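Here is what each chain is made of, one letter per residue.
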Amino acid sequence: MVEYAEQPAYPVGLRLSGRRVVVIGGGQVAQRRLPALIAAGADVTLISPSATASVEAMAEAGEIRWERRRYEEGDLADAWYALIATPDTEANTRASAEAERTKTWCVRADDAEAATAWTPATGRIEGVTVAVLTGNDPRRSAAVRDAIVEGLRDGTLTAPQHRARTPFVALVGGGPGDPDLITVRGRRLLAEADVVIADRLGPRDLLDELPPHVEVIDAAKIPYGRFMAQEAINNALIEHAKQGKSVVRLKGGDPFVFGRGMEEAQALAAEGIACTVVPGISSSISVPGAVGIPVTHRGVAHEFTVVSGHVAPDDPRSLVDWESLAKLRGTLVILMGVDKIGKIAEALVAHGKDPSTPLALVQEGTTAAQRRVDATLATVAETVVAEEVRPPAVIVIGDVVAEGPQKTPQTRH
């Protein structure tokens, strides 16, 4: 517990499971405090002639007992803890006096100095409870609490576990490239990893933040030998997991959106190795958004389709139904298709798509090197060559392209 109080308080955690707790007053204070008391397993009695709709719902669900009346002398009998929060100062004073006589720890919402206990600003993350007291400055308490919890969540505040921890394997979606766009859970698991096997499209800047003992393996440089690339990556995951290490497979975007994450999960499962899948923000929606292109927009597009463009439409290996896609009225988002976009545009036009359909290519989306190049289906082949567009780039096709930054300027912070 962190404490910044002028009057010293002795910090302690109360184990209230199955123990009688009395809450006097059913207003907003009770509404905020009751969920934590319920989660702690307390036997809660609410005494109040009225209550907010949320508090009433807790009573109807059987989470608390509600006595619909005002406070009376003796209500705190056998209580371990009391929360006094009514608008009646005189009733609050009588209740806190009873708490003093019965040696019941008591929080008084209207007068902290008259209380025998204070409620800290609390937060919980992965089995850790953070509680902060700052005397009569609850906003500062909340701010300090939030900073600590956020630091523990995203890994910027390290708190190593000294007890033996269970090793893990996690397939983590790193998002589109900006290190700030990885999920907080993904960032926390990175901070706890012994080995990180990273793709070139993952958020590379995060690798610089890892402690020096963490082994970082570039997936593109794993020796393949008699294995194909994906098989070699699978074997590397299995090998390090069997050594009892915590392993993070850091992938760009989302592991299951053209990321071959399921192949890795299946390979681990075949060896009896459990893995955690941490979803990531897919570049298919985040990269267009980063340049102000909405993949759906009221009155323009009510659907969007994401396809892989790494196999050309005229290649017999292609599994994409370009004829059906050409007939859709919504937005088409193509990943991994920069070098095939000329043939893709030809196929769409051949199947009835208007050649003047607007198109945008967003290269290195969400990173410092981000740039947008606009074209149409008719001009995109020559535009890609003239503008020297290189992968990775997300291609957006449809009328939503015209709804972009010309109307809503976008700034990357």
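Residues numbered from 1 in each chain as written. Predicted model: local features only at pLDDT ≥ 70, side-chain atom pairs only at ≥ 80, totals over all residues. Heavy atoms only, no water.

Got a minute to help me understand the overall build of the chain in this structure?
Looking only at helices and strands, the chain features eleven helices and 18 strands. At 29 Å, the chain has a C-alpha radius of gyration far larger than the 22 Å of a compact globule built from 413 residues. The principal-axis extent of the C-alpha atoms belonging to the chain is close to 85 × 55 × 40 Å. Scored against the burial criterion, the 413 residues of the chain give a buried share of 44%. In the chain, the share of contacts with a sequence separation of at least 24, taken over all contacts with a separation of at least 6, comes to 61%. By element, 52% of the accessible surface of the chain is carried by carbon and sulfur atoms, the whole surface being about 22,200 Å². (Helix = DSSP H or I, 4+ residues; strand = E, 2+ residues; numbered from the N terminus. Rg over C-alpha atoms; globule rule 2.2 N^0.38 Å. Buried < 20%, exposed > 50% of the residue type's maximum accessible area, 1.4 Å probe, protein only. Contact = heavy atoms within 4.5 Å. Areas by Shrake-Rupley, 256 points an atom, 1.4 Å probe, with all protein chains shown as cover.)

Please explain a nonpolar patch on the surface as it appears in this structure.
Residues Tyr10, Val12, Leu14 and Trp105 make up a contiguous nonpolar surface patch of about 520 Å² in total accessible area. Mapped onto the elements of the fold, Trp105 is located in strand 6 (residues 105–108). (Patch = residues over 30% accessible without salt bridge, like charges linked within 9 Å, V, L, I, M, F, W, Y side chains within 5 Å. Salt bridge = Lys/Arg side-chain N within 4 Å of Asp/Glu carboxyl O.)

Got a minute to help me understand the pattern of salt bridges in this structure?
Pairing of side chains with opposite charge becomes possible as their charged atoms draw close. Summed over the entire model, instances satisfying the criterion amount to 19 salt bridges. With its nearest N and O atoms 3.8 Å apart, the salt bridge here joins Arg69 to Glu72. Note on Arg69: relative accessible area 23%, which makes it partly exposed. Residue Glu72 is classed as partly exposed on the basis of its relative accessible area of 44%. A salt bridge links Glu263 to Arg260; the nearest nitrogen and oxygen atoms lie 2.9 Å apart. With a relative accessible area of 44%, Arg260 lands in the partly exposed category. Three or more residues are tied together by salt bridges with common partners; here these are Glu67, Arg69, Glu72 and Asp75.

Hey, could you run me through the packing of aromatic side chains in this one?
Both the distance between ring centres and the angle between the ring planes are used here to describe each pair of aromatic rings. One pass over the structure, following the stated rule, counts zero aromatic pairs. Above the ring of Trp80, the side-chain terminus of Arg19 is found at 4.5 Å from the ring centroid. Positioned above the aromatic ring of Trp66, the side-chain terminus of Arg68 is 3.7 Å from the ring centre. (Phe/Tyr/Trp six-rings, centres within 6.5 Å; stacked < 30°, edge-to-face > 60°. Lys NZ or Arg CZ within 6 Å of the ring centre and 35° of its normal.)

Looking at this structure, how should I read the sheet that holds strand 9 (residues 169–173)?
Backbone-to-backbone hydrogen bonds pair the strands of a sheet. The strands run either parallel or antiparallel. Taken in spatial order, the five strands line up as 11-10-12-9-13 in an open sheet, and their pairing is parallel. Each having just a single partner strand, strand 11 (215–218) and strand 13 (276–278) make up the two edges of the open sheet. Strand after strand, the sheet turns through a mean of 20° between neighbouring axes, direction not considered. Sheet topology note: the strand 9/strand 12 (residues 247–251) ladder contains five bridges and is parallel. When the sheet's bridge partners are listed, Gly173 is paired in strand 12 with Lys251. The strands that helix 5 (residues 184–192) touches are strand 9, strand 10 (195–198), strand 12 and strand 13; relative to strand 13, the one it contacts most, it runs at about 130°. (Pairing = 2+ DSSP bridges. Axes fitted to C-alpha atoms, helices over the stretch in contact; angles between N-to-C directions.)

Whenever I open this one, the pairing of strand 2 (residues 20–24) confuses me. Can you help?
Along any regular strand the residues' side chains alternate between the sheet's two faces. When you tally the buried positions in strand 2, you get four out of five residues, the bulk of the element. Taking the sense of rotation as the criterion, the β-α-β connection linking strand 2, helix 1 (residues 28–39) and strand 3 (residues 43–47) turns out right-handed. Strand direction decides the pairing type here: strand 2 and strand 5 (residues 81–84), joined by four bridges, are parallel. Its bridge partner lying in strand 5, Val21 is registered against Tyr81. (Right-handed = clockwise from strand over helix to strand, strands pointing away.)

Which parts of the structure should I look at to understand the environment of Val373?
When you line up the elements, Val373 lands in strand 17 (residues 371–376). In this structure, Val373 is in contact with Leu359, Ala360, Leu361, Thr383, Glu387 and Val389, ignoring residues within four places of it in sequence.

Just checking my understanding: could you explain empty space enclosed by the protein for this structure?
In total, this model carries one cavity of 30 Å³ or more according to the counting rule given. One number sums up the size of the largest cavity: a volume of about 60 Å³. Each residue belonging to the lining of the largest cavity can be placed in one class, and the counts come to five nonpolar, three polar and one charged. (1 Å grid on protein atoms, 1.4 Å probe; cavity = no way out; pocket = protein on both sides within 12 Å on 5 of 7 lines; lining within 4 Å. Points joined across faces, edges and corners; volume = space filled by probe spheres on them. Nonpolar A, V, L, I, M, F, W, Y, C, P; charged D, E, K, R; others polar.)

How should the nonpolar core be read in this particular structure?
Soluble globular proteins: nonpolar side chains tend toward being buried together. Grouped together as the largest cluster of nonpolar side chains are 23 residues, with contacts concentrated most on Trp322, Ile334, Leu348 and Leu359. Within the residue set of this core, elements represented by two or more residues are helix 9 (322–327), strand 15 (331–335), helix 10 (341–350), strand 16 (358–363), strand 17, helix 11 (380–386) and strand 18 (393–397). Examining the composition of this core, we find that five residues originate from one element, helix 10, more than from any other. Ignoring sequence-local partners within four residues, the contact set of Ile334 consists of Val307, Gly309, Trp322, Ile341, Ile344, Ala393, Val394, Ile395 and Ile397. Leu16, Ala30, Trp66 and Leu83 belong to the second largest nonpolar core, which has 18 residues in total. (Core = buried A, V, L, I, M, F, W, Y, C linked by side-chain atoms within 4.5 Å.)

How do you make sense of the sheet that holds strand 6 when you look at a structure like this?
Sheet architecture is open: five strands sit in the order 4-3-2-5-6, paired in parallel fashion. Both edges of this open sheet fall to strand 4 (65–67) and strand 6, since each of them pairs with a single strand only. Averaged over neighbouring strand pairs, the angle between their axes works out to 15° when direction is ignored. In the packing of helix 1 onto the sheet, the strands contacted are strand 2, strand 3 and strand 5, and the crossing angle to strand 2 comes to about 170°. Here helix 3 (residues 89–101) sits on the sheet in contact with strand 2, strand 5 and strand 6, set at roughly 160° to strand 6.

Whenever I open this one, the side chain of Ser246 confuses me. Can you help?
Take Ser246: it is sitting in the loop between helix 6 (229–242) and strand 12. Among the polar contacts listed, one links the side chain of Ser246 to the backbone nitrogen of Phe168, at a separation of 3.4 Å. (Polar contact = N/O pair within 3.5 Å; in protein donor to acceptor, adjacent residues only side chain to side chain.)

How should helix 3 be read in this particular structure?
Along an α-helix, residues three or four positions apart point the same way, because every turn accommodates 3.6 residues. With 13 residues, helix 3 should reach 18 Å at 1.5 Å per residue; the first-to-last C-alpha distance of 18 Å fits that figure. Within helix 3, burial applies to Ala91, Asn92, Ala95, Ser96, Glu98 and Ala99. Take helix 3 and look down its axis: the buried residues cluster within an arc of 155°, on one side only. Within helix 3, the exposed residues directed more than 90 degrees away from the buried face are Glu100 and Arg101. Buried positions along helix 3 lie against strand 2, strand 5 and strand 6. In this structure Asp88 caps helix 3, since a side-chain oxygen of it lies 3.1 Å from the backbone nitrogen of Glu90. Two residues or fewer past helix 3, Lys103 is found with a positive phi of approximately 55°. (Expected span 1.5 Å × (residues − 1). Arc of directions from axis to C-beta.)

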